[in-house]
Amino acid sequence: MEFDFSAHQIIGLSLAPDFALSGAAYAATDQTLLVTQDGGQTWQDALRDLRAGEDSPVMAALCTRRGTVLAGVMGGILRSEDGRTWQSAPFGTPLPMVTALAETPSGDLLAGTAQDGVFISRDGGSSWTRWNFGLLDCHVYALLVANATAYAGVETGIFYSTNNGRAWRETDFPMEEAPVLSLCALGDRWLFAGTESGKLFRSADRGRSWQEVGQGVFEVEISALAGCAGKLYAASGERLLVSSDGGESWQAWQPPRTVEGSFLCLAGGEEKALAGTSGGQIFIV
Amino acid sequence: MNKKKETFAPGFGVVFQPRTYQGMLKGVSKLAAAIRPTLGPLPRMVALTNSSGKPEMLDDGGLIARRMIQLPDRDEDIGAMYLRHLLWRMREDCGDGTATTAVLFEEIVQQGARHLVLGGNAMPLRSGLEKGARLVLAEMEKMARPLEGHEMVARIAGSVCYDEPMAKMLGEIFDTIGEYGHFELRAGKGRSLDYEYVTGSFWEGEVHSKQMINRPAENRAVLEEAGVLVTDFMIEDVHQLVHAIVAAKKAGKTALLLVCNAINDLCVGFLMSEQTRNVLPVIAVKTPSMRFEEQMGSMEDIAILTGGKTLTLHAGETLESVTPEHFGQARLAWANNQHFGIQGGQGDPRAVRRHFWTLKKLHAGMENGDSRQIVRARIGRLMGGSATLFTGGSTEMEINTRKDLAERAAEAIRGAMLHGVLPGGGAAFLACKPALKAAFEQAVDPDERAAYRILLRAMETPLRAIAANAGLVPEEIFADLKLAGPGCGYDVRRRQTFAIDRAELIDSASVVQAAAYRAITGAALLLTVDVLIHLKKPETVVDT
């Protein structure tokens, strides 16, 4: 069953850490932040009071382990402890566009931006500092935290950090295959990276080296990846594909109704995943 | 007119064996004995008198060697000065490891001389020692493990500076900025230590006019979304400047950071006129560095980071040569009375990374020295940030001592980050013994066998010295190690053995390897000296 919000583009999705129990999840759209409390059956505008009818594009969303909700907007972060009242945490000028959010094992928060690299918050998102030590490429499109390591998918490849984003190091991801638009982990074993050129890469050594898998499967960019119940989901254009063997072979997921636009984002939980489209649909997978 | 004249009388001051060895060994032993107390985690101090009459308290082997400029006996002096030079080079290149080098060197020279006096041949012995040195390096290479995490970095810093707060700070700093990171040391205002990070890249080069400082409270000039033009020009012609301003506007720039060696008052006046500022706010800053090579390097770095092209005098260019391609772009540019910097350079990230790899390769292939430091600083500036450690203290001497310690610790950390770490406390040397023993058993040539035997004994020397400095009896420690079995070292602070593959006590692999290699090969060369010739001491003659 899907929610139809056809005027919106669903750009990002984030499940609450207790999604399986509470059914809480957030969807970033080009107009606002949506929230569901029933596992994605129904959605409401989480910023209704704040934006007073004006569009407030949200590029990324994150629900932290402590339950704080973060929405990445132009030039900063909107932050809420209860999902109703919001505080603004600006990054300072010139305003960067937030593209991705992640939480490190230590509770530090990372915000990737399209122009200014990574910003870091050590106080739950109230204040943010630009922090790009070792990040030679500041065009960040994706962030992932897995196995106590943070990864940044950027214009020229992938960087990793083993100290909660304090310093970044290069991986040997082939630069000619970048930009990297999506990252995800499948258990402790594999990491996956999807590129703008429609290639999928896999790493079995915590991101230090990468090999292409699923060759020829994807025709256009892989805009999102998610792991759920041991399966890997990949959003590529109008298709959502699923693999049960670590990306070696793929099958197309059959949507219950026609997909409007293309799949832009995914979020994987323990049992269910959500998929958002540019046509304002959010599918429960 | 007075002038110094060196003279040499034939036959004067020529020294043959056995006086050659006797003299040189005494000199080596004197210097090594002066440095030996500083080795290990529980070192002792060495007090030196200087011209001011105040004793200088030192625990740095390199500095002690540096202060010993001459021994009264000229035979001894040759041995001591040879070792002094070796130690100072060690300190300059690695920041640490001088005491280890000294004790190893002395042991090898003593044992080697004994072998030669009993009829050994110096050249095969040297060759055997050099083979042994390569074997030791290979064994250490196998033992080395990567340096990861701020705690391990702090341990390496601690093994050099023995100052826990400083080691902890350096641990965090280098875990953040990495092995090539841009790191500065400055005198602090208070008594304690402090540190700060600066994000983005910055260079030495002040703003050309204080009028350009547009944030007086911060004493900084700041431009957002600034174009960047990098030159080594001395700008004196307003017409040429007008051409550059027009070109910048045509290239769509809304503000400009102009990097140039100098700009005259007339041109500054033009830039600061309200009319010009309304068209294009400009900050003019000094091109970094006075040295040509360094300046060209910095200009290239700025141009690549911002996506522009440099304009240089030696290419015959002027401001009238400016085209839109010359302008780079940065999210933010700033300048103050000493430095200028950029954040978010809009250069092609692929070009930036390729440039980073090129510089890393260049750095790896360079010998230690100024040029290598310059390349490392250039790499550091590309890394997106830098750190400054402020060393406080009650007196200037204390501040300088702590700065010096921090500098040495930083060098050791960089080496450890690049080449890994080895078990500390002399354990890495002990762990080379099985390989040396195997080589000894296979060797046939008596001089080569002697070389391995000398090295087998020398590998124990660092731990012996560390134990003695800690007030322990070395023989008891070696008995404990024998009981613990192979693959163990001894921690004199905890007074217990440890397994070297899980060692918390660590040393920088590059420092330990350099100490071993330089001590062995240096001693091997000294042992080939058979004759000393002393020039007559310089005398002052009156030239009428």
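Residues numbered from 1 in each chain as written. Chains lettered and ligands numbered in written order. Predicted model: local features only at pLDDT ≥ 70, side-chain atom pairs only at ≥ 80, totals over all residues. Heavy atoms only, no water.

Concerning the overall build of chain A
- Scanning chain A from terminus to terminus reveals 2 helices and 28 strands.
- Here the C-alpha radius of gyration of chain A, 17 Å, is about what a compact globule of 285 residues would show, namely 19 Å.
- Across its three principal directions, the C-alpha atoms of chain A cover 45 × 45 × 30 Å.
- Scored against the burial criterion, the 285 residues of chain A give a buried share of 62%.
- Across chain A, contacts joining residues at least 24 apart in sequence account for 44% of those joining residues at least 6 apart.
- Surface exposure of chain A reaches about 10800 Å², of which carbon and sulfur atoms provide 46%.
- Averaging the locations of the 19 positively and 33 negatively charged side chains of chain A gives two centres separated by 7 Å. (Helix = DSSP H or I, 4+ residues; strand = E, 2+ residues; numbered from the N terminus. Rg over C-alpha atoms; globule rule 2.2 N^0.38 Å. Buried < 20%, exposed > 50% of the residue type's maximum accessible area, 1.4 Å probe, protein only. Contact = heavy atoms within 4.5 Å. Areas by Shrake-Rupley, 256 points an atom, 1.4 Å probe, with all protein chains shown as cover. Lys, Arg positive; Asp, Glu negative; His and termini not counted. Charge placed at Lys NZ, Arg CZ, Asp CG, Glu CD.)

Here's the deal with the packing of helix α4 (residues 98-117) of chain B against helix α17 (residues 446-458) of chain B
All names here are of chain B.
- Relative orientation of the contacting elements α4 and α17 amounts to 145 degrees, with a least axis distance of 9 Å. Judged by the twist between their axes, the crossing of α4 over α17 is right-handed. Mapping the contact onto sequence places Leu104, Glu107, Ile108, Gln111, Gly112 and His115 in α4 and Pro446, Asp447, Ala450, Arg453, Ile454, Leu455, Arg457 and Ala458 in α17.
- In terms of residue class, the contact of α4 with α17 is made up of 7 nonpolar, 3 polar and 4 charged. (Axes fitted to C-alpha atoms, helices over the stretch in contact; angles between N-to-C directions. Left-handed = near helix turned anticlockwise from the far one by under 90°. Nonpolar A, V, L, I, M, F, W, Y, C, P; charged D, E, K, R; others polar.)

Considering the pairing of strand β18 (residues 180-186) of chain A
All names here are of chain A.
- Within β18, 5 of the 7 residues are buried, leaving the element largely enclosed by the surrounding structure.
- Across 6 bridges, β18 lies against strand β19 (residues 190-195) in antiparallel orientation. Across the sheet, Ser182 pairs through a bridge with Gly194, a residue of β19.
- Count of turn residues in the β18/β19 antiparallel hairpin: 3 residues, of which Gly187 carries a positive phi of about 65 degrees. (Pairing = 2+ DSSP bridges.)

Description of α17 of chain B
All names here are of chain B.
- An ideal rise of 1.5 Å per residue puts 18 Å on 13 residues; α17 measures up with 18 Å between its terminal C-alpha atoms.
- Tucked inside the fold, the buried residues of α17 contact α4, α5 (122-143), α16 (433-442), α18 (461-469) and α20 (509-526).
- Near the N-terminus of α17, the side chain that reaches the backbone nitrogen of Asp447, with its oxygen 3.0 Å away, is that of Asp445. (Expected span 1.5 Å × (residues − 1). Polar contact = N/O pair within 3.5 Å; in protein donor to acceptor, adjacent residues only side chain to side chain.)

Side note on empty space enclosed by the protein
Residues and elements named next belong to chain B.
- Counted under the stated rule, the structure contains 1 cavity of 30 Å³ or more.
- Counting residues per element, the ones that place at least two in the lining of the largest cavity are β14 (339-345) and α12 (349-364).
- Among the elements that make up the lining of the largest cavity, the one with the highest residue count is β14 (4 residues).
- Along the lines of polarity and charge, the residues of the lining of the largest cavity split into 8 nonpolar, 9 polar and 2 charged. (1 Å grid on protein atoms, 1.4 Å probe; cavity = no way out; pocket = protein on both sides within 12 Å on 5 of 7 lines; lining within 4 Å. Points joined across faces, edges and corners; volume = space filled by probe spheres on them.)

Description of the interface of chain B and chain A
- With 30 residues of chain B in contact, the opposing surface of chain A contributes 28 residues.
- The three residues of chain B that bury the most area against chain A are Arg331, Arg350 and Arg353 of chain B, which together make up 31% of that side's buried surface.
- Residues Arg353 of chain B and Glu170 of chain A are paired through a salt bridge, measuring 2.9 Å at the closest nitrogen-oxygen approach.
- Between the two partners, chain B and chain A, sit 14 residue pairs in polar contact (both at pLDDT 80 or more).
- Here the side of chain B that touches chain A takes 7 residues from α12 of chain B, the largest share from any one element.
- Partitioning the side of chain B that touches chain A into residue classes produces 12 nonpolar, 10 polar and 8 charged. (Buried area = accessible area lost by both parts, 1.4 Å probe. Salt bridge = Lys/Arg side-chain N within 4 Å of Asp/Glu carboxyl O.)

Description of the environment of Val73 of chain A
Residues and elements named next belong to chain A.
- With respect to the helices, strands and loops of the structure, Val73 is situated in strand β7 (residues 69-73).
- For Val73, a relative accessible area of 12% translates into the label buried.
- When the C-alpha positions of Val73 and Val98 are compared, they lie 5.9 Å apart, and in sequence the two are 25 residues distant.

Here's the deal with the sheet that holds β18 of chain A
All names here are of chain A.
- The strand order across the open sheet built from 4 strands is β18-β19-β20-β21, with neighbouring strands paired in antiparallel fashion. Two strands in the sheet have a free side with no partner beyond their single neighbour: β18 and β21 (211-213). On average, adjacent strands in this sheet sit at an angle of 30 degrees to one another, irrespective of strand direction.

Brief notes about a nonpolar patch on the surface
- A surface patch of nonpolar side chains, amounting to about 290 Å² of accessible area, comprises Phe16, Val531 and Ile533 of chain B.
- With respect to the helices and strands, the residue Phe16 of chain B is situated in the loop between β2 (14-15) and α1 (19-35). (Patch = residues over 30% accessible without salt bridge, like charges linked within 9 Å, V, L, I, M, F, W, Y side chains within 5 Å.)

Focus on the pattern of salt bridges
- The full count for this structure, using the stated rule, is 34 salt bridges over all chains.
- Lys199 of chain A is the salt-bridge partner of Glu177 of chain A, the closest N and O atoms lying 3.1 Å from each other. Note that Glu177 of chain A is positioned in the loop between β17 (169-170) and β18 and Lys199 of chain A in the loop between β19 and β20 (200-203), a separation of 22 residues in sequence.
- With its nearest N and O atoms 2.4 Å apart, the salt bridge here joins Arg36 of chain B to Glu106 of chain B. Note that Arg36 of chain B is positioned in the loop between α1 and β3 (46-49) and Glu106 of chain B in helix α4, a separation of 70 residues in sequence.

Some thoughts on the sheet that holds strand β22 (residues 222-228) of chain A
- Pairing within the open sheet is antiparallel, and its 4 strands lie in the order β22-β23-β24-β25 (chain A). Each edge of the open sheet carries a strand with a single partner, namely β22 and β25 (251-252) of chain A.

Let's talk about α1 of chain B
Residue and element names in this part refer to chain B.
- Over its 17 residues, α1 extends 25 Å from the first C-alpha to the last, a length consistent with the 24 Å expected when each residue adds 1.5 Å.
- Among all positions in α1, only Thr20, Tyr21, Gly23, Met24, Leu25, Gly27, Val28, Ser29, Leu31, Ala32 and Ile35 are buried.
- Buried residues belonging to α1 abut β2, α2 (61-67), α3 (74-94), α4, α20 and β20 (532-533).

As for the packing of aromatic side chains
- In the structure shown here, the tally under the stated rule is 16 aromatic pairs over all chains.
- Geometrically, the ring pair formed by Tyr195 of chain B and Tyr197 of chain B is edge-to-face, given 5.7 Å between the ring centres and 85 degrees between the ring planes.
- Taken together, the ring pairs in this structure connect Trp131 and Phe133 of chain A together with Tyr195 and Tyr197 of chain B into an aromatic cluster.
- Taking NZ or CZ as reference, Arg122 of chain A lies 5.5 Å from the ring centre of Trp131 of chain A, over its face. (Phe/Tyr/Trp six-rings, centres within 6.5 Å; stacked < 30°, edge-to-face > 60°. Lys NZ or Arg CZ within 6 Å of the ring centre and 35° of its normal.)

Re the pairing of strand β14 (residues 140-146) of chain A
All names here are of chain A.
- Along β14, 5 of the 7 residues are buried, which leaves the element largely enclosed by surrounding structure.
- Here β14 pairs with strand β15 (residues 149-154) via 6 bridges, running antiparallel. Along β15, the bridge assignment pairs Ala146 with Thr149.
- The hairpin turn running from β14 into β15, its antiparallel successor, is 2 residues long, and Asn147 in that turn takes a positive phi close to 50 degrees.

Some details on the state of the cysteines
Residue and element names in this part refer to chain B.
- The tally for this structure, following the rule as stated, stands at 0 disulfides over all chains.
- Among the cysteines around Cys94, which has no disulfide bond, Cys432 carries the closest sulfur, lying 17 Å off.
- Classification of Cys94 by relative accessible area gives buried; the value is 10%. (Disulfide = S-S within 2.5 Å.)

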